[in-house]
Amino acid sequence: RALHHLRVVARELVLDGGYALSLGCEYRPSPLVGFEVSISRIALDAEWREFRIQGAGDPPLPEAVLVASDSGEFALQPIALTAKFHVFRAPRSDLHIGPQVAWVTYDIALEGAPQRKSEPAFGIKAGWDWRPTESAWSVGLSYQYLDVQHEGVEHDQYTGLPIQVIALGLSYRFENSHASR
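Not measured: the values here are computed from a predicted model.

A. Here's a closer look at the overall build of the protein. Counting its secondary structure elements, the protein contains zero helices and seven strands. Seen in sequence order, the protein has helices and strands lined up from the N terminus as β-β-β-β-β-β-β. Out of the 181 residues in the protein, the part that is buried amounts to 32%. As displayed, the protein offers around 11,300 Å² of accessible surface, 61% of which is attributable to carbon and sulfur atoms.

B. Structural detail: the pattern of salt bridges. According to the stated counting rule, one finds 13 salt bridges in the structure shown. Here R28 and D94 are joined by a salt bridge, their closest N and O atoms 2.8 Å apart. Within this pair, whereas R28 is found in the loop between strand 1 (4–27) and strand 2 (33–57), its partner D94 is found in strand 4 (residues 93–108), the two being separated by 66 residues in sequence. In this structure, R173 engages D94 in a salt bridge whose closest nitrogen and oxygen atoms are separated by 3.8 Å. Linking R173 in the segment after strand 7 (161–172) with D94 in strand 4, this pair joins segments that are 79 residues apart in sequence. By relative accessible area, D94 is classed as buried at 4%. Through salt bridges with shared partners, a single ionic network connects E26, R28, E36, K84, D94, K125 and R173.

C. The arrangement of the pairing of strand 4 in detail. The pairing of strand 3 (residues 63–90) with strand 4 spans 14 bridges and is antiparallel. Note on strand 4: the bridge partner recorded for P78 is V104. Pairing geometry for strand 4 and strand 5 (residues 119–130), over twelve bridges, is antiparallel. Residue pairing across strands places I97 opposite A126, the latter belonging to strand 5.

D. Here's a closer look at the packing of aromatic side chains. Overall, the coordinates contain three aromatic pairs when judged by the stated rule. Arranged with centres 5.1 Å apart and planes meeting at 75 degrees, the rings of Y172 and F174 form a pair that is edge-to-face. The class for Y172 is partly exposed, based on a relative accessible area of 43%. Classification of F174 as exposed rests on a relative accessible area of 67%.

What counts, and at which threshold
- Chains are numbered independently. Their residues run from 1 in the order of the written sequence.
- With the structure being a predicted model, the display of local features is reserved for residues of pLDDT at least 70 and the display and counting of side-chain atom pairs for 80 or more, all residues being used for whole-chain, interface and lining totals.
- The side-chain figures draw on all heavy atoms in the structure; neither hydrogens nor water molecules are used.
- Only DSSP runs of H or I covering at least 4 residues are called helices, and only runs of E covering at least 2 are called strands; the numbering of each starts at the N terminus.
- Working definition: with a 1.4 Å probe on protein chains only, accessible area under 20% of the residue-type maximum means buried, over 50% means exposed, and in between means partly exposed.
- Method for areas: the Shrake-Rupley scheme with a 1.4 Å probe, in which residue coverage is limited to the protein chains shown.
- The term salt bridge refers to a pairing of a side-chain nitrogen on Lys or Arg with a carboxyl oxygen on Asp or Glu at a separation within 4 Å.
- DSSP bridges decide pairing: two strands pair if at least two such bridges lie between them.
- Note on ring pairs: Phe, Tyr and Trp rings are taken, using the six-membered ring of Trp, and paired if centres are within 6.5 Å. Classes follow the plane angle, with under 30 degrees stacked, over 60 edge-to-face and the rest tilted.

In short, geometric facts, not functional conclusions.
The structure is reproduced here in structure tokens:
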């Protein structure tokens, strides 16, 4: 009887909750259309593990052995352009939605995890702003979906990376002829 050996390497990257910081500026050429440029840092809690799956016998009995692991931060840093359509405007309320394109760089603080090069992302952003008084300040709630386009290579199971962010924001509106209409 022949004795067979099995040896395979498996890698796993688990991304979980985190935080996001963003700074943006919107220019409105008309009351219903605006263009926002923003820079963000979306930092996710990450765990990286590498296993060696090995076995011997006829047939080989597989056993997973942890070879390496690390935990840390997996951060995306998109620079984005959003075309915003202000679909509902009231004196102190504003609802907007629009497509977004971004260029994403990474800051990966994990030993062993594959590094990623900068790459494009596409998505959508929707939000609601409310001014509690007749001031230039407003508070807002927004939802952002960003799908990072990543070309996988051999042994790289991390292709597209969809990110969803729900955020609370604080805005200051500089007066101009379109914003006050």
